[in-house]
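Summary of structural features
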Amino acid sequence: MKSAPDQVDLQPVVEVDIGLLSVGCSPRIAGENLEHVETLAAAQSPLPPIIVHRLTMRVIDGMHRLRAAKLRGQQRIPVRFFDGTEAEAFILAVKSNIAHGLPLTLADRKRAAERIISLHPQWSDRMIAAVAGLAAGTVVEIRRKTGAGSAQEVARIGKDGRVRPINGAEGRRLAYELIVEDPSLSLRQIARTAGISPETARDVRNRLRRGEDPLLKGRRKALLGHGRPANWQPATVKSIATGKTIAQPPAVVVERLKADPALRFNESGRDLLRLLNIHTIRAEDWNKIVDSVPSHCRGIVAQLARDCAEVWAELALRIETNSQQATS
C-alpha cells in the first residue's frame, strides 16, 4: 500500500483556475510568509505543482506558491489532486511542509501534533512525532496536557502500522510467557503475538536464558507482583496468551517468595529464603565463580557442589512427600 504522498505523486498535473481554490488546510498558525511569497514570485522558473484536496478544493500544500502565482498575475496554476478525507488531507499538509519548502515553526508543529492527536488518538507517540517533525517525548507531553486518550486504551498503532501495547511491560510479560510455553517460537512469531519488536523479543529471550527478570529494571515491580495479597501462587503465573499456568524463572520466583509472610516472618523461612537467593544468581555470575576456582582445589569444590546438589535433591523429595501427606 502506497502512502498519501506517493499516491499524490502518481496523480497527473492539471491546470486549475486560481479562483476555484480555497484555503484552510494549512498547518501554519501565522499564515504565509510574505517575504517568501515575493521571493517565489520574483523567480523566473515555473512554480512546482501545488496539492489540492479534490473534494473541497482546499490547498493542502503550496499556499506560498499560490500567493506567488497571484502576485505574478497568473489566472491558472498547475495542480495535483488528492482524493482522501479532510483528516488525511491535514496529515498530508503537515508531512509536505515538514519535508520541503519553508519549514514549519516549532509552534506550528506542536499545534499540528495536537490536532493529529485529536484526529488519531490511536496513533503512537512516535508515529505522530514522525509526522509532525517533533521528538516523541514532546508528543507525550502534548498528549498529557490535552488529556487525549482514555484509561481504557491498551494499545496504539506504530509507524510500521502494527498495533502495540501502550504498556511495554505487558508486551514483555506476554513474550516471556510465549517463550516459556514454546521455546521453539521464532523471534518474529513472538514479536507479532506480543505486539513488540523482534529486538525486544530477543532481549526478553536473552534475559530468560541468563536467569534475569524479563522486564526492564524500572518495570521490575510489575512482574514481581509487589503489593499483591499473600494468597497468590508464587511459583507459577497464568498466561495471558493461552490461560495456561506456567513456571517462572527461579530468580523471579524467589523474589516473589520474599514477599510471602509465611516465610519472611519466621527464622526458618528466612534461612530458606537466604539459601534460595544464593542459588539464583545470574548465569554470568556463576561463570565468574567457576573461573575463579583455583586449579589446586577444583576437585574439592566440584565434590562439594555435588554434595550440595544431593542435599537440595533430598530436601525437594522431603518437601514433596510432606505435601502429598498433607493432601491425602
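The structure we're discussing is the one just above.
Everything numeric in this text was worked out from a predicted model, so none of it was measured.

Across the two faces of strand β2 (residues 50-53) the burial is the same, with Ile50 and Val52 and Ile51 and His53 all buried. Of the strand pairs in this sheet, β2 and strand β4 (residues 76-82) are connected by four bridges, and their pairing is parallel. The residue of β4 that forms the bridge with histidine 53 is phenylalanine 82. Bridging between β2 and strand β3 (residues 58-61) involves three bridges; their strand directions are antiparallel. Residue pairing across strands places valine 52 opposite valine 59, the latter belonging to β3. Hairpin connection, β2 to β3: the antiparallel pair is bridged by four residues, and methionine 57 has positive phi, about 65°.

The phi torsion at methionine 57 lies on the positive side, around 65°, for a residue other than glycine. Within the secondary structure, methionine 57 sits in the loop between β2 and β3.

So, about the packing of helix α2 (residues 34-42) against helix α3 (residues 63-72). With their axes 8 Å apart at the nearest point, α2 and α3 run at an angle of 60° to one another. Taken together, the axes of α2 and α3 lie oblique to each other. With respect to the hand of their crossing, α2 and α3 are arranged in right-handed fashion. In contact with His36, Val37, Glu38, Leu40 and Ala41 of α2, α3 contributes His64, Arg65, Arg67, Ala68, Leu71 and Arg72. Considered class by class, the residues forming the contact of α2 with α3 number five nonpolar, two polar and four charged.

A few words now on the nonpolar core. One recurring pattern in soluble globular proteins is that nonpolar side chains are buried together. In this structure, Leu21, Ile50, Val52, Leu66, Ile77 and Val79 are the most contacted members of the largest nonpolar core, which totals 18 residues. Mapped by element, the contributors of at least two residues to this core are α2, β2, α3 and β4. Here this core gets four residues from one element, more than from any other, and that element is α3. Here valine 52 is in contact with Leu21, Met57, Arg58, Val59, Ile60, Val79, Arg80, Phe81 and Phe82, once residues within four sequence places are set aside. With 16 residues, the next largest nonpolar core counts Ile91, Val94, Ile117 and Ala129 among its residues.

For the rest of this paragraph, the subject is helix α10 (residues 198-209). The terminal C-alpha atoms of α10, which comprises twelve residues, lie 16 Å apart, in line with the 16 Å expected from a rise of 1.5 Å per residue. Of the residues making up α10, those classed as buried are Ala201, Val204, Arg205, Arg207 and Leu208. End-on view of α10: buried residues confined to an arc of 160°, all on one side of the axis. Counted as exposed and oriented over 90 degrees from the buried face of α10: Glu199 and Arg209. Among the residues trailing α10, glycine 211 stands out with phi positive, at a value near 75°.

So, about the packing of aromatic side chains. A full pass over the atoms with the stated rule returns zero aromatic pairs. Here the guanidinium or amino end of arginine 115 rests over the ring plane of phenylalanine 90, the centre of that ring lying 4.0 Å away.

What counts as what
- By convention here, each chain's residues receive numbers from 1 onward along its written sequence.
- Local features in this predicted model are restricted to residues of pLDDT 70 or higher, and side-chain atom pairs are both shown and tallied only at a pLDDT of 80 or more, whereas totals for entire chains, interfaces and linings draw on every residue.
- Excluded from the side-chain calculations are hydrogens and water; all other atoms, namely the structure's heavy atoms, are used.
- Three labels apply to residues, based on accessible area from a 1.4 Å probe with only protein chains included: buried if under 20% of the type maximum, exposed if over 50%, partly exposed otherwise in between.
- Numbering goes from the N terminus for both helices and strands, where a helix is a DSSP run of H or I of at least four residues and a strand is a run of E of at least two.
- Strand pairing is assigned whenever DSSP detects at least two bridges linking the two strands.
- As a rule, the C-alpha atoms of each element are fitted with a line to give its axis, helices using only the stretch in contact, and angles between N-to-C directions run from 0 to 180 degrees.
- Just so you know how the angles are binned, under 35 degrees is roughly parallel, over 145 roughly antiparallel, 65 to 115 roughly perpendicular, and the rest oblique.
- What makes a crossing left-handed is the near helix being turned counterclockwise from the far one by less than a right angle; a clockwise turn instead makes it right-handed.
- Contacts are residue-level and defined by heavy atoms, with any inter-residue pair within 4.5 Å sufficient.
- Throughout this entry, Asp, Glu, Lys and Arg are counted as charged residues, while Ala, Val, Leu, Ile, Met, Phe, Trp, Tyr, Cys and Pro are counted as nonpolar. The remaining residues, Gly among them, count as polar.
- Nine residue types can take part in a nonpolar core, namely buried Ala, Val, Leu, Ile, Met, Phe, Trp, Tyr and Cys, and a core is a set of them joined through side-chain atoms within 4.5 Å.
- The span one expects for a helix is its residue count, reduced by one, times 1.5 Å.
- In this context, the arc is that of the directions from the helix axis out to the C-beta atoms.
- Pairs were defined over the aromatic rings of Phe, Tyr and Trp, the Trp ring being its six-membered one, requiring ring centres within 6.5 Å. Orientation was assigned from the angle between planes: stacked under 30 degrees, edge-to-face over 60, tilted for the rest.
- We call a charge positioned over a ring when the NZ of a Lys or the CZ of an Arg lies within 6 Å of the ring centre and within 35 degrees of the ring normal.

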